[in-house]
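Okay, here's what each chain looks like letter by letter:
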Amino acid sequence: MSGNELRPSVDEEHQRPAGLDDDTVEALGELSKALETIHRVRGHLYSAHQLVGGADLTLDRVVELFREAGHDEMANKVEHELLGRNVLPGRWTFQIMEEFDDGYYAAFQEVERDAREKLAGGRRHIYEAEMKQRRRTHGMPGHEATPEA
């Protein structure tokens, strides 16, 4: 089937616009996949942010326990060298998250949105919708095209 023909999709919302070729649909699908990976990266960064913060708060108890055990020198070392320390020069993890969100993450989302708007009328997941239509067993329970079907 040529790219100029409409390929079957699971619903109108994910229908390929007329004239949209296979290579562009695939490229948009790959761009979407890359963005999904960046969403996962963001989640991992937020996990790191929360883990580092939790570890830093745990150091309060570590300092207390070392002092109670009579290890003032070690308590001082933890307190002065680790407690509240920047994870990168001048930055705690919240600052890293803000920079990531406002910079790379925002730019990636904007480029993906711009490509969809300009090339596919804003439609998302055209590649996946066509693949679902090809791979599902029509008429079989659990293989409906949409929740309403």
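Being a predicted model, the structure only gives us computed values, none of them experimental.

(A) Just the environment of A106, in detail. If you trace the backbone, A106 turns up in helix α3 (residues 93-120). Owing to a relative accessible area of 31%, A106 belongs among the partly exposed residues under this scheme. Beyond its immediate chain neighbours, meaning those up to four positions away, A106 contacts F100 and D101.

(B) Quick look at unusual backbone geometry. The backbone of H125 sits at a positive phi, close to 55°, despite the residue not being glycine. Its location among the elements puts H125 in the loop between α3 and α4 (126-135).

(C) A look at the packing of aromatic side chains. One pass over the structure, following the stated rule, counts 4 aromatic pairs. When the centroid spacing of 6.2 Å and the interplanar angle of 40° are considered together, the rings of F100 and Y104 count as tilted. Of this pair, F100 and Y104 both sit in helix α3, 4 residues apart, which is roughly one turn of the helix. Through a chain of ring-to-ring contacts, three or more aromatic side chains come together here, namely F100, Y104, Y105 and F108.

(D) Molecular detail of the pattern of salt bridges. As enumerated under the stated definition, the model contains 10 salt bridges in all. Of the charged contacts in the structure, one is a salt bridge between E112 and R116, with a shortest N-O distance of 2.8 Å. With a gap of 4 residues between them, E112 and R116 both fall in helix α3, about one helical turn apart. The class of E112 is buried, set by a relative accessible area of 7%. On the accessibility criterion, R116 (13% relative accessible area) is buried. A network of salt bridges, in which partner residues are shared, links R16, D22 and E130.

(E) Expanded view of α4. Of the residues making up α4, those classed as buried are I126, A129, E130 and Q133. Buried residues of α4 fall within an arc of 95° about the axis and therefore sit on the same side.

(F) Just the environment of A75, in detail. Tracing the backbone shows A75 in helix α2 (residues 72-81). Using a relative accessible area of 0% as the deciding quantity, one classes A75 as buried. Those residues within four positions of A75 in sequence are excluded, and the remaining contacts are V63, F66 and R67.

Rules behind the numbers
- Residues numbered from 1 in each chain as written.
- Predicted model: local features only at pLDDT ≥ 70, side-chain atom pairs only at ≥ 80, totals over all residues.
- Heavy atoms only, no water.
- Helix = DSSP H or I, 4+ residues; strand = E, 2+ residues; numbered from the N terminus.
- Buried < 20%, exposed > 50% of the residue type's maximum accessible area, 1.4 Å probe, protein only.
- Contact = heavy atoms within 4.5 Å.
- Phe/Tyr/Trp six-rings, centres within 6.5 Å; stacked < 30°, edge-to-face > 60°.
- Salt bridge = Lys/Arg side-chain N within 4 Å of Asp/Glu carboxyl O.
- Arc of directions from axis to C-beta.

Honestly, it's all geometry; don't read function into it.
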